[in-house]
Every structure is written in C-alpha cells, then in structure tokens.
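As a plain string of letters, each chain reads:
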Amino acid sequence: AQSVDQPDAHVTLSEGASLELRCSYSYSAAPYLFWYVQYPGQSLQFLLKYITGDTVVKGTKGFEAEFRKSNSSFNLKKSPAHWSDSAKYFCALAPVNTGNYKYVFGAGTRLKVIA
Amino acid sequence: EAAVTQSPRNKVTVTGGNVTLSCRQTNSHNYMYWYRQDTGHGLRLIHYSYGAGNLQIGDVPDGYKATRTTQEDFFLLLELASPSQTSLYFCASRAGNTLYFGEGSRLIVV
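Residues numbered from 1 in each chain as written. Chains lettered and ligands numbered in written order. Predicted model: local features only at pLDDT ≥ 70, side-chain atom pairs only at ≥ 80, totals over all residues. Heavy atoms only, no water.

All names here are of chain B. Judged by which residues are buried, strand 7 (residues 65-68) turns out to be one-sided: Ala66 and Arg68 face inward and are buried, whereas Lys65 and Thr67, on the alternate face, are not. As paired strands, strand 7 and strand 8 (residues 73-78) are joined by 4 bridges and run antiparallel to one another. Within the sheet, the bridge partner assigned to Thr67 lies in strand 8 and is Phe75. (Buried < 20%, exposed > 50% of the residue type's maximum accessible area, 1.4 Å probe, protein only. Helix = DSSP H or I, 4+ residues; strand = E, 2+ residues; numbered from the N terminus. Pairing = 2+ DSSP bridges.)

Moving on: the layout of surface pockets. Estimates place the volume of the largest pocket at around 400 Å³. Lining the largest pocket are 18 residues, with A:Gln38, A:Gly41, B:Gln37, B:Leu88 and B:Arg106 positioned closest to its centre. Of all the secondary structure elements, the ones that give two or more residues to the lining of the largest pocket are strand 4 (32-38) and strand 9 (87-95) of chain B. Of the residues assigned to the lining of the largest pocket, the class counts are 4 nonpolar, 8 polar and 6 charged. (1 Å grid on protein atoms, 1.4 Å probe; cavity = no way out; pocket = protein on both sides within 12 Å on 5 of 7 lines; lining within 4 Å. Points joined across faces, edges and corners; volume = space filled by probe spheres on them. Nonpolar A, V, L, I, M, F, W, Y, C, P; charged D, E, K, R; others polar.)

The subject of this paragraph is the pairing of strand 4 of chain B. Residue and element names in this part refer to chain B. Burial analysis of strand 4 places 7 of its 7 residues in the buried class, which makes it a mostly covered element. A two-sided burial pattern is seen for strand 4, the buried positions comprising Met32, Trp34, Arg36 and Asp38 on one face and Tyr33, Tyr35 and Gln37 on the other. Two elements, strand 4 and strand 5 (residues 42-49), share 7 bridges in a ladder whose sense is antiparallel. Across the sheet, the residue bridging to Met32 is Ser49, located in strand 5. The hairpin turn running from strand 4 into strand 5, its antiparallel successor, is 3 residues long, and Gly40 in that turn takes a positive phi close to 85°. The sheet contact formed by strand 4 and strand 9 spans 6 bridges and is antiparallel. Along strand 9, the bridge assignment pairs Tyr33 with Ala92.

Together, B:Val12, B:Val14, B:Ile108 and B:Val110 make up an exposed nonpolar region whose accessible area comes to about 350 Å². Locating B:Val14 in the fold gives a position in the loop between strand 2 (10-13) and strand 3 (19-25). (Patch = residues over 30% accessible without salt bridge, like charges linked within 9 Å, V, L, I, M, F, W, Y side chains within 5 Å. Areas by Shrake-Rupley, 256 points an atom, 1.4 Å probe, with all protein chains shown as cover. Salt bridge = Lys/Arg side-chain N within 4 Å of Asp/Glu carboxyl O.)

By a widely used convention, the size of an interface equals the accessible area lost when the partners come together. On the side of chain B, 23 residues touch chain A, which itself brings 19 residues to the contact. With both chains or domains summed, chain A and chain B bury close to 1700 Å², and 52% of this area falls on carbon and sulfur atoms. Where chain A meets chain B, there are 1 salt bridge. Its salt-bridge partner being A:Lys102, residue B:Asp59 comes within 2.9 Å of it at the nearest N-O pair. Taken together, the links from chain A to chain B amount to 8 residue pairs in polar contact (both at pLDDT 80 or more). When contributions to the side of chain A that touches chain B are tallied by element, the ones reaching two or more residues are strand 5 (32-38) and strand 6 (44-50) of chain A. Among the elements that line the side of chain A that touches chain B, the one with the most residues is strand 5 of chain A, at 4 residues. (Contact = heavy atoms within 4.5 Å. Buried area = accessible area lost by both parts, 1.4 Å probe. Polar contact = N/O pair within 3.5 Å; in protein donor to acceptor, adjacent residues only side chain to side chain.)

Here's what the structure looks like:
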C-alpha cells in the first residue's frame, strides 16, 4: 500500500533562513505528489504539485519542491523564510496507477518561523 | 479554484447521537472526499465518491456512512456517534489532479 512519511513533526527556524521540509513516499509506480499548507484555524490550501516532467516544481507563496525518484522524496523548499510561513504543511500522494484516486496524506510538519 | 462549502462548521453532540455533515461543491467535479484530521495522524480518508449514487470506502470507514445524492452534494453520517469520532472533518473535491478543501467541520462528541 502507498504511504507518505513526514519525519519532522516540528521545525523551527529563524526568519531569513532557508527552509526545507522533508517528505518521503512509498509507492510502486510513478506518483502524483502534492504539498498543502494549513494556517492556524484554517483549511488546507494547495501549494504545488508534481505530475511529470521537470523534477523541480514551483508553486504559490514562493515555494518550490524537488521530486527525487532515486530516494522517493519530494521535499518542500523556500528561501528566505518569513514569519508568515508559520503553519502546518502536508505532503500528499495520489496513486493514480491504481485508478482509485485515494489521496494519501502525511502526518504533517508544523513550521515555526521566528522573527 | 474549486469552491467547497461545509456545514455545520461546529457541532457538539452526545454519545449515541446522530450527526450529518454536509458538503457541497458547485463546480460539477466528479470526485468528492471526506477526511478526518487528528493530531499525529494527518488527514485520513473516510469515504469518497466519483459521482451521484457512488460510494467508495476509504481507510477509516468504521462508524461512518456517506451518501452522494447529487453531483454537488456529499454527506457524511454518524448514526451512533462516539467520543472517538471527535475530530475535524474536511470535505474536498477534485479538480484536475488537485484536491480543494472546504473550511472544515469541527465535531465534538461528549
């Protein structure tokens, strides 16, 4: 079965630093991969996705992510980080080869950017 | 971007009570989903549907029923609510390859 792992439950860094949130996945075929952000008290907002092609994808709010098939990762990056980036971030996978479109989410990483 | 509306936004019920969470999307998307969000678990899929009258089982379906009455409306039913179902529930619809979420429904079962 497919799964998504976000190994860091919490990440804290200083404003202006570079951020990288880790995401690894388990899936036997080529997945669709997504990042979402959830600000306190709000719903999940779509940031970016990898479907195929260029392994570095850019999204909203200055974020980008790199798909690495070699180690089954899809890490989210931004530089510099801003205090307003403080939120919870979710990585997700769509196992499209199965045809069932059951999107699977990681447990999330709570990011705190200190001003 | 898809518009997904959930109601109620907040609900308190007693153990054994009957609860219906509603979700509506107005973009004629085929796929709709119900997730629950709990600390330490992220989002877990309860049920999903690819059209009116269709229902697919998710990963944590026990204690939940769902019904897709129209292309727009997807309901989640808790017929005998238990404290373990206290959670934040999100509905989503799929546009292209991307899920778009509603604002969430917070349910407390006392």
